[in-house]
Amino acid sequence: MKPTDIKDPEYFHKVVDCQYACPAHTPVPEYIRLIAQQKYSEAYLVNWESNVFPGVLGRTCDRPCEPACRRGRVEEEPVAICRLKRVAADNKGDVKKLMPQGPFAPNGKKVALVGAGPSALTVARDLAPLGYELHIYDEQKNGGGFMRSQIPSFRLPEAVLNEEVGFILDMGVHRHFNHYVKSLRDLLAQGYNAVFVGTGAPRGRDLDIPGRKEGAANIHIGINWLANVAFEHTHSIGKRVIVLGGGNTAMDCCRTARRLGGNDVKVLVRSPFAEMKASPWEKDDAIHEDIPIIDNHVPVAFVTENGSLTGMTFQKVHAVYEGGKRKLVPTGEPDVFYPADDVLVAIGQENSFPWIERDLGIEFDKWDMPVVNETTFASTHPKVFFGGDAAFGPKNVITAVAHGHQAAVSIHLHCSGKALTDRPAPFVNLVSQKMGIHEWSYDSEVVTDARYAVPHADKAITLTNRKKEVELGFDLPTGFREAERCLNCDVQTVFTESKCIECDACMDICPTSCITFTQNLDEPDLRLHLKVQASNTSQALYVSDVLPTTKVMVKDEDVCLHCGLCAERCPTSAWDMQRFLYKVTKAEGCC
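Computed from a predicted model, the values in this text were never measured in an experiment.

Rules of the game
Residues numbered from 1 in each chain as written. Predicted model: local features only at pLDDT ≥ 70, side-chain atom pairs only at ≥ 80, totals over all residues. Heavy atoms only, no water. Pairing = 2+ DSSP bridges. Helix = DSSP H or I, 4+ residues; strand = E, 2+ residues; numbered from the N terminus. Axes fitted to C-alpha atoms, helices over the stretch in contact; angles between N-to-C directions. 1 Å grid on protein atoms, 1.4 Å probe; cavity = no way out; pocket = protein on both sides within 12 Å on 5 of 7 lines; lining within 4 Å. Points joined across faces, edges and corners; volume = space filled by probe spheres on them. Nonpolar A, V, L, I, M, F, W, Y, C, P; charged D, E, K, R; others polar. Phe/Tyr/Trp six-rings, centres within 6.5 Å; stacked < 30°, edge-to-face > 60°. Buried < 20%, exposed > 50% of the residue type's maximum accessible area, 1.4 Å probe, protein only. Parallel < 35°, antiparallel > 145°, perpendicular 65-115°, else oblique. Contact = heavy atoms within 4.5 Å. Polar contact = N/O pair within 3.5 Å; in protein donor to acceptor, adjacent residues only side chain to side chain.

Moving on, we come to the sheet that holds strand β23 (residues 551-556). Pairing is antiparallel across the open sheet formed by 3 strands, whose spatial order is β21-β23-β22. Edge strands, defined here as strands with exactly one partner in the open sheet, are β21 (515-519) and β22 (541-543). On average, each strand axis in the sheet is tilted by 30° relative to the strand beside it, whichever way the strands run. Where β22 meets β23, 3 bridges bridge the pair, whose relative direction is antiparallel. By the bridge assignment for β23, Val 543 is matched with Val 554.

Encoded structure:
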């Protein structure tokens, strides 16, 4: 293998697994260390620069960072990264004065943002300090988009959302709320230099099976029903409720139904329980609230009597796997009936663009989705950009934020007359943490504390008040202990060949046997000839240049704990612990 080029910014970025897995590439270990130092405002701003909504995401994020956490590879639960974000948000000081302050010098360019959800708000946050005149349109009376209409208040208090949306709108964004955009052609005619579309996936999928029309009065599309609850148009539901679907929206529907009068609420899902799309913690919370989840049941019909819904029938199935694909096969048992006063259909969402004329030069694919460049988020119209669920279908808030950052870069390049492919390079830094011969400026002890549980409010209280937040968050002492579980994966072990005397001290002390001095080979063979075979090919091997003995140093980045014992033991300082910072560069000059 060739020597590893650690100057490549993506090399160590991939080693910081949590940050690499985050769509917005938030520098996770950086803000966790700040929390451990009780620097909550600083930790909040590190988050805000990347993910824009730390208080929202500290409660509702889908947490792609946590399955990637290195803690999970040493037979422990991952660090509670998401809930530590909330610690920073709940305990921050007056951070607004530390954010970009308007009014900003105008640059003469005007941009329209359609939809006031996370992607459009991110675009606004990035472009406002550059002097753009920003106009944001939304049919709701307040900003937030589906964060406001689809995430129940018992998960996301309105005050938290209002504050973080307000940080952005207060940068001088022109608000056009209670305003449904009916025509993109008319919007473009108003002289905007660019238009960003962040309208989400606003149409819930329906279920066309027998009885749908007859029972329509008591059959509700899940996302519409949640919005009606959020905007206080709906205040109650029947005692017996069936929720169809296995995603997070279904979990929100069933838990909301419990709070609005449903005392017999069931979730019925086609797939096996383990394969539901809902996050594991969302399923756990529903079960904790006495909501059974009944899997392997395919809807057959809505049952009505005298024009009123009485329940549903289902076919029982089981999963069969052939060639890596799943098929749901009937068990042969009789169909089963479940009574219901109301049914909530939460089986997916679809995009809808009736307001975009099809003769504007925007190309749509066979699924009636706009053709959008995955890097620039540009459509086939030079002035129109997409992001969030409107670009590639339903995802989550953090993905929408990542789209917004990149779309803002593209809009700024477009308005500056530059090529959209001229993307700014990431900001990267690599700095030694050495304080003495064997001293480092961070805590590198690898503790074995189990993950700390987040306390919940009493179920007797939360089920009677839909606005009472269920999760209470970590108190500060617990937040500190959870932060201490972080392995500081951004502090890298950096090797200098010219200082190495090949004494093997680092190899002897390494607790995971991730370091090997050996003859160089092609990668497949080299992975098999290490002290411990490196089986995870998705993570790189760190390979040195040739040493005096003709051997090379090889380190398996996948199992390294970043404990620093190699650097402490090395008599010549051939190993050093260096903090790596990777920041995705935003639109020029922002923050």
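Right, picking up where we left off after that structure.
A separate point is empty space enclosed by the protein. This model, assessed by the stated rule, comprises 6 cavities of 30 Å³ or more. In this structure, the largest cavity encloses a volume near 120 Å³. Taken together, 13 residues make up the lining of the largest cavity; nearest its centre are Arg 59, Arg 83, Arg 155, Asp 285 and Glu 471. Those elements that place two or more of their residues in the lining of the largest cavity are α7 (81-91) and α14 (280-288). Looking at the lining of the largest cavity, the element that brings in the most residues is α14, giving 3 residues. Residues belonging to the lining of the largest cavity are distributed by class as follows: 3 nonpolar, 1 polar and 9 charged.

To continue, consider the packing of aromatic side chains. Ring pairs (aromatic) are described by centroid distance and by the angle formed between their planes. One pass over the full model with this rule turns up 11 aromatic pairs. Ring centres 5.9 Å apart and planes at 85° place the aromatic pair Phe 353 and Phe 386 in the edge-to-face group. With Phe 353 in the loop between β15 (349-350) and β16 (384-386) and Phe 386 in strand β16, the pair connects residues that are 33 residues apart, well separated along the chain. Phe 353 gets classed as buried once you look at its relative accessible area, which sits at 2%. Take Phe 386: its relative accessible area is 0%, and that puts it in the buried class.

Here the focus is the packing of helix α4 (residues 40-51) against helix α16 (residues 397-415). At their nearest, the axes of α4 and α16 sit 9 Å apart, and the two run at 70° to each other. Considering their axes alone, α4 and α16 lie roughly perpendicular with respect to each other. Along its contact with α4, which presents Glu 49, Ser 50 and Asn 51, the element α16 presents Ile 398, Val 401 and His 405. Class assignment for the residues of the contact of α4 with α16 results in 2 nonpolar, 3 polar and 1 charged.

If you trace the backbone, Asp 558 turns up in the loop between β23 and α21 (565-569). Given a relative accessible area of 10%, Asp 558 falls into the buried group. A polar side-chain atom of Asp 558 sits 2.9 Å from a polar atom in the side chain of Asn 536. Residues contacting Asp 558, with those up to four places away along its chain left out, are Arg 70, Arg 73, Asn 536 and Gln 539.

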